[in-house]
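Each chain, written out:
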Amino acid sequence: MKKFIFYTILFSLLSAFQSCGPVIVSHRLADPPPPWFYPHRVEAVRYVFFPEINIYYDLSSRTYIYLDGGIWIRRTVLPSRYQSYNLSRLRYERIRNYYDDDIQRYHQDKNTNRGRSNTSTRRRGK
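A brief structural summary. Just so we're clear, the structure is a prediction, and the values are computed from it rather than from any experiment. (Residues numbered from 1 in each chain as written. Predicted model: local features only at pLDDT ≥ 70, side-chain atom pairs only at ≥ 80, totals over all residues. Heavy atoms only, no water.)

**Here's the deal with the overall build of the protein**
Within the protein, the regular secondary structure consists of two helices and five strands. The helix and strand sequence of the protein, counted from the amino end, reads α-β-β-β-β-β-α. By residue count, 32% of the 126 residues in the protein fall in the buried class. Taken as a whole, the protein presents about 9,600 Å² of accessible surface, with 54% of it coming from carbon and sulfur. (Helix = DSSP H or I, 4+ residues; strand = E, 2+ residues; numbered from the N terminus. Buried < 20%, exposed > 50% of the residue type's maximum accessible area, 1.4 Å probe, protein only. Areas by Shrake-Rupley, 256 points an atom, 1.4 Å probe, with all protein chains shown as cover.)

Right, here's the structure in full:
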């Protein structure tokens, strides 16, 4: 009877501690995410977007994607103009349900009017 109680308590403690640890979020679960990306729940995410500096990070290929002179560039390191930014302190958005290789199409669909008022929406009563 004592062994049963001991194993029950031990199992309860182990399952409680297991739920407290960090959860790895990546397109491929074998690859850990970068140090600035700390998820709070399980998600399947391929891209992360930094709206302040207008850069995407591809978790599957471990590359930064950004516009340079109207051309989308993929690099494994940030360019020198972004080196002063601390990515762990910047706000980022997880891009859910988009796994295509072409981030340009997603960016055109979702971020063309970011930060601007939507002038195509009509107000009530007018």
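**A look at the sheet that holds strand β3 (residues 63-68)**
Judged by pairing direction, the sheet is antiparallel, and its five strands sit side by side in the order β4-β3-β2-β1-β5 without closing on themselves. Strands at the two margins of the open sheet, each flanked by one partner only, are β4 (71-75) and β5 (93-96). When the angles between neighbouring strand axes are averaged without regard to direction, this sheet yields 30°. Relative to strand β2 (residues 55-58), strand β1 (residues 45-50) runs antiparallel, the two being bridged by four bridges. In the sheet register, Tyr47 faces β2, and the bridge partner there is Asp58. (Pairing = 2+ DSSP bridges. Axes fitted to C-alpha atoms, helices over the stretch in contact; angles between N-to-C directions.)

**Here's the deal with the packing of aromatic side chains**
Tallied over the full model, the rule gives nine aromatic pairs. Where Tyr47 meets Tyr98, the ring centres are 6.1 Å apart and the plane angle is 40°; that geometry is what we call tilted. With Tyr47 in strand β1 and Tyr98 in the loop between β5 and α2 (103-110), the pair connects residues that are 51 residues apart, well separated along the chain. We note that Tyr47, like Tyr98, is buried. (Phe/Tyr/Trp six-rings, centres within 6.5 Å; stacked < 30°, edge-to-face > 60°.)

**What about unusual backbone geometry?**
Positive phi is not limited to glycine here, since Arg62 has a value of about 55°. Among the structural elements, Arg62 can be located in the loop between β2 and β3. By relative accessible area, Arg62 is classed as partly exposed at 34%. Even without being a glycine, Asn97 presents a positive backbone phi close to 60°. Along the chain, Asn97 falls in the loop between β5 and α2.

**Topic: the pattern of salt bridges**
Summed over all chains, the structure comprises seven salt bridges. Arg46 serves as the salt-bridge partner of Asp58, at 3.1 Å between the closest nitrogen and oxygen. You can see Asp58 sitting in strand β2 and its partner Arg46 sitting in strand β1, a full 12 residues away along the chain. Take Asp58 and Arg46: they sit in the same class, and that class is buried. One salt-bridge network, in which partners are shared between bridges, spans Arg46, Asp58, Arg74 and Asp101. (Salt bridge = Lys/Arg side-chain N within 4 Å of Asp/Glu carboxyl O.)

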